[in-house]
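Per-entry structural report
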Amino acid sequence: MQVVKQLQELNEALSTESNKSIGFVPTMGFLHHGHLSLINASKKKADFTVVSIFVNPTQFNNPTDLENYPVSLKEDLMTLEKQEVDLVFCPDYNTLYTNEKPVDITLGKLDSVLEARKRKGHFQGVIRVVNIFFKLINPNYAFFGEKDYQQYLIIAELARVCFPQIEIIMCPTQREQVGLAMSSRNSRLSTKDFEKANEIYRVLKYCKENFDFSNREELEKTCLKKLAEFSEPEYFEIRHSDDLLNNGDKLKSWRAFTATNLGGIRLIDNIALNQ
Ligand code: PAF
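Read on for a plain summary of the structure. Everything quoted here is computed from the prediction, not taken from an experiment.

The rules we used
Residues numbered from 1 in each chain as written. Predicted model: local features only at pLDDT ≥ 70, side-chain atom pairs only at ≥ 80, totals over all residues. Heavy atoms only, no water. Buried < 20%, exposed > 50% of the residue type's maximum accessible area, 1.4 Å probe, protein only. Helix = DSSP H or I, 4+ residues; strand = E, 2+ residues; numbered from the N terminus. Pairing = 2+ DSSP bridges. Expected span 1.5 Å × (residues − 1). Contact = heavy atoms within 4.5 Å. Salt bridge = Lys/Arg side-chain N within 4 Å of Asp/Glu carboxyl O.

What follows deals with the pairing of strand β8 (residues 254-262). For β8, the tally of buried residues reaches nine of nine residues, placing the bulk of the element in the interior. The pairing of strand β7 (residues 232-240) with β8 spans eight bridges and is classified as antiparallel. When the sheet's bridge partners are listed, E237 is paired in β8 with F257.

Bringing the environment of D212 into the picture now. Here D212 is to be found in the loop between α9 (191-210) and α10 (216-228). Residue D212 is classed as partly exposed on the basis of its relative accessible area, which comes to 40%. For the pair formed by D212 and K250, sequence separation is 38 residues and the distance between their alpha carbons is 9.4 Å.

For an α-helix, the turn length of 3.6 residues means that residues three or four places apart are oriented alike. Taking 1.5 Å of rise per residue, 20 residues should cover 28 Å, and α9 covers 30 Å from first to last C-alpha, within 8% of that figure. Taken together, the buried positions of α9 are occupied by D193, A197, N198, I200, V203, L204 and C207. Considering only its buried residues, α9 is in contact with α10, β7, β8 and β9 (265-272).

Here the focus is the pattern of salt bridges. Within this structure, the stated rule accounts for 18 salt bridges. For E218, the salt bridge is made with K221, and the minimal N-O distance between the two is 3.7 Å. Here E218 pairs with K221, and both are found in helix α10, just three residues apart, close to one helical turn. Here E218 matches K221 in class, with each residue exposed. Ionic pairing is found between R266 and E234, a salt bridge with its closest N-O pair at 2.9 Å. Of the two residues, R266 is situated in strand β9 and E234 in strand β7; the sequence distance between them amounts to 32 residues. The buried category is assigned to R266, whose relative accessible area is 16%. Where salt bridges share partners, they join D65, R119, R185 and R188 into one cluster.

And the structure:
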């Protein structure tokens, strides 16, 4: 496994593999089973797997969140070695952003609802860094988790407009035995809050079991109330899976999305409701 930090090293490493298909898994480190499932998917699909580790400051709307973001580069590299990843790219801020050519795409509703409404500028930061990575690595496939479903849709749109040669692949959310979606942030939950956090998935499953096109506004309110019994919810919303609108097309596929806080830790999750 090669570990590179500089652009020149990255280019050299990639140019020797130019006859291979490349799978790319971008991460912010502090790896867990969710990341490993993306890496496995890449290893199955592509000849050469590249993982990036970079805590991207431009996507944090809250400086304290950035300061507290868990980092474990040494452990991560050991994990990636065991997974037989081919190349790890862990650049610093200047290496990535110095010659940035900004990307200009229209995201419409995708960048104005749910997470975008609560975390101003977050997805613009994600797009900036993923745009840089895609230009540098030019993978055949890139892998993203279903837990960050809105991010997946936004990156799929970035690829559709600017990188049609890259296939964006969404991999299912990995959950703790009791249901909590795996996330690097879970490590900051107290034992008590960790147990409580499992209720989030119960509420999502309740929503799925009781979903009916005609009752969705009532159901949103009920689920929000259920979340408020053990946490501080920011939203619980039922929206179309493809464009995140909620103007009501019965035949469309629908998804429930939520963000809630436990002991100051912000957790997000979502579930497909009908298809
Ligand atoms: O999902 C994440 O970990 C990040 O948003 C990503 C895609 C690595 C960009 O920094």
